[in-house]
Amino acid sequence: MANDASAVFDTLSPAVSKGSLADPFTPPADSALWRKNFLLGAATASYQIEGAVNEDGRLPSIWDTFSAIPGKVLAGDTGAVACDHYHRWEADIEMLASLGLEGYRLSIAWPRVMDAAGVPNRKGLDFYKRLLNRLKEKGITTFVTLYHWDLPQHLEDRGGWLNRDTAYRFADYADLMSRELAGTVDAWVTLNEPWCSAYLGYGNGHHAPGLANDRFATQAMHHLLLAHGLAVPVLRANDPASQKGIVANIGRGTPNSDSAADQRAAHLFEVQHNAWILDPLLKGSYPQDLFELWPGTEPLVLDGDMETISAPLDFLGINYYFRTNVASDGAHGFRDVPLEGVERTQMGWEVYPDGLRDLLTGFKKTYHNLPPIYITENGMASDDQVTDGHVDDTQRISFLKRHLAAVDQAIKAGVDIRGYFLWSLMDNFEWAFGYERRFGVVHVDYSTQKRTVKHSAELVAKFLKERKARA
Ligand code: IFM
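Below: a short report on this structure.

Criteria and cut-off values
- Residues numbered from 1 in each chain as written.
- Predicted model: local features only at pLDDT ≥ 70, side-chain atom pairs only at ≥ 80, totals over all residues.
- Heavy atoms only, no water.
- Helix = DSSP H or I, 4+ residues; strand = E, 2+ residues; numbered from the N terminus.
- Rg over C-alpha atoms; globule rule 2.2 N^0.38 Å.
- Buried < 20%, exposed > 50% of the residue type's maximum accessible area, 1.4 Å probe, protein only.
- Near = heavy atom within 4 Å.
- Polar contact = N/O pair within 3.5 Å; in protein donor to acceptor, adjacent residues only side chain to side chain.
- Areas by Shrake-Rupley, 256 points an atom, 1.4 Å probe, with all protein chains shown as cover.
- 1 Å grid on protein atoms, 1.4 Å probe; cavity = no way out; pocket = protein on both sides within 12 Å on 5 of 7 lines; lining within 4 Å.
- Sits in = over half its atoms within 2 Å of the grid points.
- Nonpolar A, V, L, I, M, F, W, Y, C, P; charged D, E, K, R; others polar.
- Contact = heavy atoms within 4.5 Å.
- Phe/Tyr/Trp six-rings, centres within 6.5 Å; stacked < 30°, edge-to-face > 60°.
- Lys NZ or Arg CZ within 6 Å of the ring centre and 35° of its normal.
- Expected span 1.5 Å × (residues − 1).
- Pairing = 2+ DSSP bridges.
- Points joined across faces, edges and corners; volume = space filled by probe spheres on them.
- Salt bridge = Lys/Arg side-chain N within 4 Å of Asp/Glu carboxyl O.

## Concerning the overall build of the chain
Here is step 1 of the chain: Helix and strand content of the chain: 16 helices and eleven strands.
Here is step 2 of the chain: Here the C-alpha atoms of the chain give a radius of gyration of 21 Å, agreeing with the 23 Å that 2.2 N^0.38 yields for 471 residues.
Here is step 3 of the chain: Reported as C-alpha extents along the three principal axes, the dimensions of the chain are approximately 60 × 55 × 45 Å.
Here is step 4 of the chain: With 471 residues in all, the chain has 59% of them scored as buried.

Here is the structure:
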């Protein structure tokens, strides 16, 4: 496999460097992206790429359980093999490095590294040590997410994120990982997208563990944020040199009309998607409008919890994908009103780069203590095909260029944004959508595990090469 990935890149890179491929990507000369300290990388997550779910002592996760239930994941797909990254990690890191990407955001599978009694699993730990050491050798900046949704099933069996104890177990896990991996991690991310874990997992049941109750969602969110807050000081004590942060997915909600009711609906949409997470982290309180949307769902909060949750962060990771046009639902909330004639991706998500700029500049006004920001995910899915060894992902190239321009505009408006990670390095298991939706800048043929660098990745590589040459 090592040969496959590098051979493909070797054939393409001369064409790219000779400029024989059109370049609709390179940012304008005045873009902040040319700054050599603006980190440009790619992201993945353990369950989405690793596979090897039964190997070397890994325990089942909630996604193994959920994806085995008929009807939960498109085409019955599971992460059992995924991109087989657990066995192909060396070639994958070579590929990442040969693209010139400077940062890599990966996640650790909690069920791979410790058992139900908290006993470390050496074989699982060694996998991440090898991976992170190799990334260090390559000079790649590492962002390591502790929780990207693959909760050990034994914890879900005891209530999962509805059980306050899970937050303490998470702090134990953070302790183990930061003692074992200190020195190889540049930035720790406690949680990826607690909105998805809480709302999709416990609020509407589209994700594992598949429960559907608004009250569950708010309580799960509180325990997730508490887990984050408990982990931060542990990470600081064990690995003082690294940065500590959390990643939130944010959504832009725009009103369907000028009516006060629709304006209010758009406000409530953003409360539910953004303020629900950012207010407790940055203001130390939940937004009261949330409980107008979901009356009677206030979580049980113990004394001191909000102080724990709102301890200072070194950075905030932001994941952005699309906007939602909404109208009042005539009662407490909002309903989606999909716009006609707008550009959409394979997910059906609207391409709306201005939403990223507007949210970032809005956060700067709302949160006076807004930490430095990394865009920890941005990208799109398209039905990419390999033709004669090439993947022409034209829409993605344009998508990335426009979103990077939005990031540049936000920087110019005064937001402290320090880097951007493409989602994703390679096509992978897209949760409830299985393998059909392709987010990678590298194509994966799941029948052979052959990787093919897409045109978007070639152009990003070309830009990074030029930037390096100018530095
Ligand atoms: O694939 C996911 C990722 O795991 C979390 N953020 C959104 C991506 C695209 O849906």
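## Considering the site of the ligand
Here is step 1 of the chain: Neighbouring the ligand are Gln48, His148, Trp149, Asn192, Glu193, Tyr321, Trp349, Glu377, Trp423, Glu430, Trp431 and Phe439.
Here is step 2 of the chain: In this structure, histidine 148 approaches the ligand through a side-chain N or O atom, which is 2.8 Å from an oxygen atom.
Here is step 3 of the chain: For the ligand, the accessible surface in isolation is 280 Å², of which the surrounding protein chains cover 95%.
Here is step 4 of the chain: A molecule is said to occupy a pocket when more than half its atoms come within 2 Å of that pocket's grid points, and by this definition the ligand occupies the largest pocket.
Here is step 5 of the chain: Tallied by class, residues from the shell around the ligand come to six nonpolar, three polar and three charged.

## A word on unusual backbone geometry
Here is step 1 of the chain: The omega angle of the peptide bond from alanine 208 to proline 209 is 10°, so this bond is cis rather than trans.
Here is step 2 of the chain: Assignment of secondary structure puts proline 209 in the loop between α9 (194-203) and α10 (214-238).
Here is step 3 of the chain: For the bond from tryptophan 423 to serine 424, the omega torsion is 10°, close enough to zero to count as cis.
Here is step 4 of the chain: Of note, the phi angle at aspartate 56 is positive, near 55°, even though the residue is not glycine.
Here is step 5 of the chain: By the secondary structure assignment, aspartate 56 is in the loop between α2 (46-49) and α3 (62-67).
Here is step 6 of the chain: Even without a glycine there, the phi angle at tryptophan 149 is positive, about 85°.
Here is step 7 of the chain: Positionally, tryptophan 149 belongs in the loop between β3 (141-147) and α7 (153-156).
Here is step 8 of the chain: We classify tryptophan 149 as buried; its relative accessible area is 6%.

## Let's talk about the side chain of glutamate 270
Here is step 1 of the chain: Here glutamate 270 shows up in helix α11 (residues 260-282).
Here is step 2 of the chain: Sequence-distant contacts of glutamate 270, defined by excluding residues within four places in its chain, comprise Gly251, Arg252, Gly253, Ala275 and Leu359.

## Examining the packing of aromatic side chains
Here is step 1 of the chain: The tally for this structure, following the rule as stated, stands at 33 aromatic pairs.
Here is step 2 of the chain: Pairing tryptophan 276 with tryptophan 294 gives two aromatic rings, centres 5.1 Å apart and planes at 80°, and the pair type is edge-to-face. Remark: tryptophan 294 occurs in the loop between α12 (290-293) and α13 (305-309) and tryptophan 276 occurs in helix α11; sequence separation between them is 18 residues.
Here is step 3 of the chain: Since its relative accessible area comes to 8%, tryptophan 294 is described here as buried.
Here is step 4 of the chain: Members of the aromatic cluster, joined through ring pairs, are Tyr47, Trp63, Phe66, Trp149, Phe429, Trp431, Tyr435 and Tyr446.
Here is step 5 of the chain: Above the face of the tyrosine 352 ring, arginine 323 is positioned so that its terminal group lies 3.9 Å from the ring centre.

## Considering helix α14 (residues 353-366)
Here is step 1 of the chain: With 14 residues, α14 should reach 20 Å at 1.5 Å per residue; the first-to-last C-alpha distance of 20 Å fits that figure.
Here is step 2 of the chain: Buried within α14 we find Pro353, Gly355, Leu356, Leu359, Leu360, Thr361 and Phe363.
Here is step 3 of the chain: Against β5 (243-255), α11, β6 (315-328), β8 (373-378), α15 (394-412) and β9 (417-423) lie the buried residues of α14.

## Some thoughts on the pairing of strand β1 (residues 39-43)
Here is step 1 of the chain: Among the five residues of β1, five are classified as buried, and the element is accordingly described as predominantly covered.
Here is step 2 of the chain: Covered by surrounding structure in β1 are Leu39, Gly41 and Ala43 together with Leu40 and Ala42, the residues of both alternating faces.
Here is step 3 of the chain: Direction of pairing for β1 relative to strand β2 (residues 103-107): parallel, over a ladder of three bridges. Across the sheet, residue alanine 43 finds its bridge partner in β2, namely arginine 105.

## Some words on the layout of surface pockets
Here is step 1 of the chain: The computed volume of the largest pocket comes to approximately 1100 Å³.
Here is step 2 of the chain: Together, 45 residues line the largest pocket, and Trp195, Leu200, His273, Phe322 and Trp349 are the ones closest to its centre.
Here is step 3 of the chain: The dominant element in the lining of the largest pocket, judged by the number of residues it contributes, is β6, at seven residues.
Here is step 4 of the chain: Looking at the lining of the largest pocket residue by residue, the classes come out as 23 nonpolar, 14 polar and eight charged.
Here is step 5 of the chain: Size it by volume and the second largest pocket reaches roughly 270 Å³.
Here is step 6 of the chain: Forming the walls of the second largest pocket are 16 residues, and the residues nearest its centre are Glu270, Ala275, Phe363, Thr366 and Tyr367.
Here is step 7 of the chain: Contributions of two or more residues to the lining of the second largest pocket are made by α11 and α14.
Here is step 8 of the chain: A total of six residues in the lining of the second largest pocket trace back to one element, the largest contributor, which is α11.
Here is step 9 of the chain: Classifying every residue of the lining of the second largest pocket gives six nonpolar, four polar and six charged.

## Points about the pattern of salt bridges
Here is step 1 of the chain: One pass over the full model with this rule turns up 36 salt bridges.
Here is step 2 of the chain: For aspartate 84, the salt bridge goes to arginine 88, with nearest N and O atoms at 2.8 Å.
Here is step 3 of the chain: In this structure, the salt-bridge partner of arginine 451 is aspartate 92, at a minimum N-O distance of 2.9 Å. Here aspartate 92 lies in helix α4 (residues 85-98) and arginine 451 lies in strand β11 (residues 450-453), a separation of 359 residues in the sequence.
Here is step 4 of the chain: Of the residues examined, arginine 451 reaches a relative accessible area of 1% and is grouped as buried.
Here is step 5 of the chain: Judged by relative accessible area, which is 1%, aspartate 92 ranks as buried.
Here is step 6 of the chain: Connected via shared salt-bridge partners are Asp384, Asp393, Arg396, Asp427, Arg438 and Lys454.

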